[in-house]
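Architecture and fold: a report
If you want the building blocks of each chain, they are given just below.
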Amino acid sequence: MSPAASRPPLIELADVCRVYGSGETEVRALDHTDLVIQQGEFVAIMGPSGSGKSTAMNTIGLLDRPSSGRYLFNGVEVQGLDRDQRALLRRHFLGFVFQGFNLLPRTSALENVELPLIYKGMPRPERIARARAALAKVGLEGREDHDPSQLSGGQQQRVAIARALVGDPMVILADEPTGNLDSHRSHEIMKLLQKLNREDGITIVMVTHEDDVAAYARRLVIFADGRIRSDSAMAERATA
Amino acid sequence: MIWETVRLALLALRRNKLRSALTMLGIVIGVAAVIAMVTVGQGSSRSVAASVESLGTNVLTVRPGGRGFGPGPASSGPTRPFTLRDADALAELPVIAHVSPTVSSLQTVVAGAANMSTSVTGATSGYLAVGGWTVVSGRGFDRSEDRASASVCVIGETVRRTLFGAADPVGRELRAGKVTCEVIGLLQAKGAGAFGQDQDDLVLMPIRTVQRRLLGSENVSSISVALAPEVSSQRGAREIEALMRDRRRIAEGAPNDFNISDRAQIAEVLTGINSVLTGMLSSVAAVSLLVGGIGIMNIMLVSVTERTREIGIRLAVGAEGRQVLTQFLVEAVVLSLVGGIIGVIVGLGLAFGASLYMAIPFAPQAYVVLMAFAFSALIGVMFGFFPARKAARLDPIDALRHE
């Protein structure tokens, strides 16, 4: 048995349903889904649109709440937590990267990265030091004072990644992180995520619909009609 | 954490300068409009009260023609005019202290290269006493000049300024129509009258001079009298009426063919007009406050819609709903306070300027300032707060997806 098996999985969805609307217009986005993700994994989630992959992602990220079933985060049941308790969990354990970057407009890269630390109540000098370090890690030193509008799409996504990792999260959730980027930039972003997974041991869960992006992950989960259709380990892609 | 939130709010305001400025503009306009209008309204009220006081309440004016208010006969048909003999007869009454018969004629007045159009009033020495005028330089008419058509005149401050600049006009000459006269006196400025007319825009000449040389008529258009002290205006009016009916041989029971107006009546009418005006100004002010409020509401609503994504981002990185809400509340409070303060300053400034321009007292009212300020602050905070609360209650994912 591997040592990881001796502690609870980082993420465990058990018999989770997420239903939108009711009656005639009812949409079952997740239909009795079970999914277990261990600490340190790099998981790609694929599937056609409407297959439930984004809902699964938002549920894992505590941005959305399951209609039924259990969600254990690091062995603790979190499906019943209220808004503020879920906000605290996001603050301390989760980082997000979105397809649309979701940076604050007219706000410098440094201040965008600093944002999660403000809500952690960290003193300002320490915040700035850590935000600088995070920007350096994603290769953006010297761009601290640039607004999102002064940065390319790839650079904006790097700022978003820096924001996700600045709080030392256990897991980074990336929802189509390369969806708005050309293939060259996509590979740069994927290499960055791969590096964070390998070198810092950050668990990464990523939704994508591009095969060559998914190829960077070590496990591929494919959704269809709110259920997992296949779940397989992948050969690790060599870093070019 | 609260200071951190205040800092976040100030940063957000600075980042969105245009939006902040527009929101503040709504507050500034609402507050400034109310304060300016009510302050000017109050000032004009006081000004009317003051000019009513300056009219003197023991002055009656007798005019030929039927009962009516204002200049000119109110009844139709020819009216028998007054003459100077009527004025002399009134002067004999013991209840009367001063008599001032007048005629007037609109003339172009010329002195050197300067000229202006003004009303030339034919008056007697009683004019200054009845009207409460003071001569600041030179002298008024003496009794001999009342009866002779002397070529002398007394001018008001506006005429002096226009024709002679800052110089002392006494001893200089001016020409009014066909008549050239020597300026013998300058009247102290009175400012705007009860109807907003310039009281200092006048040239006085002996009444006979105007009658014979400018109008070619013996008529007197009105006779004002100052009653002796302790005489009520009712009693004065009664005695004048009896005398005039007798002189004009009006049969008993027939209506008067002249009218007596009491300044107290004028004062009443003026006060009435003024309270209507003040009421009107107040309603306009209320409407502008409302419009300002709707402006604030609009921008706040638009900005929260626009900022729903921002709220989503903040929630996603771990902000509690309460923290986001506090930030928005602080933003709204800061905008309302700063806008309110600017509005108070602008409003008082406008009112001050308008008061100077209209020559009325500047009458700021603490309660109006407070009320306008409080109302705008309330709207600013309410419409900053409630939409933000709605957004902060959204699921973070819905807020993020908001377009």
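About the cut-offs
- Going along each chain's sequence as written, the residues are numbered from 1 onward.
- Naming scheme: in the order in which they are written, chains are lettered from A and ligands are numbered from 1.
- Per-residue local features of the predicted model are confined to residues with pLDDT of at least 70, and side-chain atom pairs are confined, for both listing and counting, to 80 or more; whole-chain, interface and lining totals are unaffected and use all residues.
- Side-chain calculation: all heavy atoms of the structure are included, whereas hydrogens and water are not.
- Type-normalised accessible area, obtained with a 1.4 Å probe on protein chains alone, sets the label of each residue: buried when under 20%, exposed when over 50%, and partly exposed for intermediate values.
- Think of it this way: any DSSP run of H or I at least four residues long counts as a helix, any run of E at least two long counts as a strand, and we number them from the N terminus.
- Here, strands pair whenever DSSP counts at least two bridges between them.
- Where helices are involved, their axes are fitted lines through C-alpha atoms of the stretch in contact, as for all axes, and angles between N-to-C directions lie from 0 to 180°.
- Working definition: roughly parallel below 35 degrees, roughly antiparallel above 145 degrees, roughly perpendicular at 65 to 115 degrees, and oblique for all remaining angles.
- The handedness criterion is simple: a crossing whose near helix is rotated anticlockwise from the far helix by less than a right angle is left-handed, and one whose near helix is rotated clockwise is right-handed.
- What makes two residues a contact is simply this: any of their non-hydrogen atoms within 4.5 Å.
- Note on definitions: salt bridges are taken to be side-chain nitrogens of Lys or Arg within 4 Å of carboxyl oxygens of Asp or Glu.
- Summed over both partners, the accessible area lost on bringing two parts together, with a 1.4 Å probe, is the buried area.
- In the analysis that follows, any N or O atom pair within 3.5 Å is treated as a polar contact, provided that within protein one partner can donate a hydrogen and the other can accept it, and provided that, for residues neighboring in sequence, both atoms belong to side chains.
- Residue ranges for the domains originate in an automatic or database domain assignment.
- UniProt positions are given in the numbering used here, feature names are shortened, and annotations may be inferred rather than shown by experiment.
- Classification of ring pairs uses Phe, Tyr and Trp, with its six-membered ring standing for Trp, and accepts pairs whose centres are within 6.5 Å; under 30 degrees between planes counts as stacked, over 60 as edge-to-face, and the remaining range as tilted.
- A ring has a charge above it when a Lys NZ or an Arg CZ is no more than 6 Å from the ring centre and no more than 35 degrees off the ring normal.

With that settled, consider the pairing of strand 7 (residues 171–175) of chain A. Moving residue by residue along a regular strand, the side chains alternate between the two faces of the sheet. Residues and elements named next belong to chain A. Taken across its five residues, strand 7 has five buried, putting it largely inside the fold. In strand 7, alternate side chains face the same way, and those of V171, L173 and D175 on one face and I172 and A174 on the other are all buried. One ladder, built from five bridges, connects strand 6 (residues 94–98) with strand 7; its direction is parallel. Bridging across to strand 7, F98 finds its partner in D175.

Okay, the packing of helix 9 (residues 263–316) of chain B against helix 11 (residues 366–392) of chain B next. All names here are of chain B. At a minimum axis separation of 8 Å, helix 9 and helix 11 run at an interaxial angle of 30°. The orientation of helix 9 with respect to helix 11, classified from their angle, is roughly parallel. Helix-helix and strand crossings are classified by hand; for helix 9 and helix 11 the assignment is right-handed. Facing helix 9, whose interface residues are L289, G293, I296, M297, M300, L301, V304, T308, I311 and L315, helix 11 presents F375, S376, I379, G380, F383, G384, P387, A388, A391 and A392.

So, about the pattern of salt bridges. Inspection of the entire model under this criterion finds 27 salt bridges over all chains. D257 of chain B is the salt-bridge partner of R80 of chain B, the closest N and O atoms lying 3.0 Å from each other. Residue R80 of chain B is found in the loop between strand 1 (59–64) and helix 3 (84–92), and its partner D257 of chain B is found in the loop between helix 8 (233–247) and strand 10 (258–262); the two are separated by 177 residues along the sequence. Take D257 of chain B: its relative accessible area is 18%, and that puts it in the buried class. Ionic contacts of the salt-bridge type, sharing partners, join the residues E26, R28, D31 and R227 of chain A into one network.

Where interface size is given, it is often the accessible area lost as the parts come together that is meant. Chain B puts 29 residues into the contact, and the matching count from chain A is 28 residues. Interface area for chain B against chain A, summed over the two sides, is near 2500 Å², with a carbon-plus-sulfur share of 50%. In terms of surface lost to chain A, no three residues of chain B exceed R15, I313 and V317 of chain B, which account for 24% of the buried area on that side. Inspection of the chain B/chain A interface yields four salt bridges. For the salt bridge of D84 of chain A with R322 of chain B, the shortest nitrogen-to-oxygen distance reads 3.9 Å. There are twelve residue pairs in polar contact (both at pLDDT 80 or more) connecting chain B and chain A. Every element with two or more residues in the side of chain B that touches chain A is listed here: helix 1 (2–15), helix 9, helix 10 (321–358) and helix 12 (396–401) of chain B.

All right, on to the domain arrangement of chain B then. Parsing chain B into structural domains produces domain 1 (2–52 + 269–401) and domain 2 (81–256). Here the C-alpha centre of domain 2 of chain B lies 54 Å away from the C-alpha centre of domain 1 of chain B.

Here we take up the UniProt feature "domain: ABC3 transporter permease C-terminal" (unreviewed entry) in chain B. Feature annotation in UniProt assigns "domain: ABC3 transporter permease C-terminal" (unreviewed entry) to the following positions: residues 283–396 of chain B. Split by type, residues 283–396 of chain B is 88% helix and 0% strand. Its first and last C-alpha atoms lie 45 Å apart.

The tally for this structure, following the rule as stated, stands at three aromatic pairs over all chains. The residue whose ring lies beneath K190 of chain B is W133 of chain B, and the NZ or CZ to ring-centre distance is 4.3 Å.

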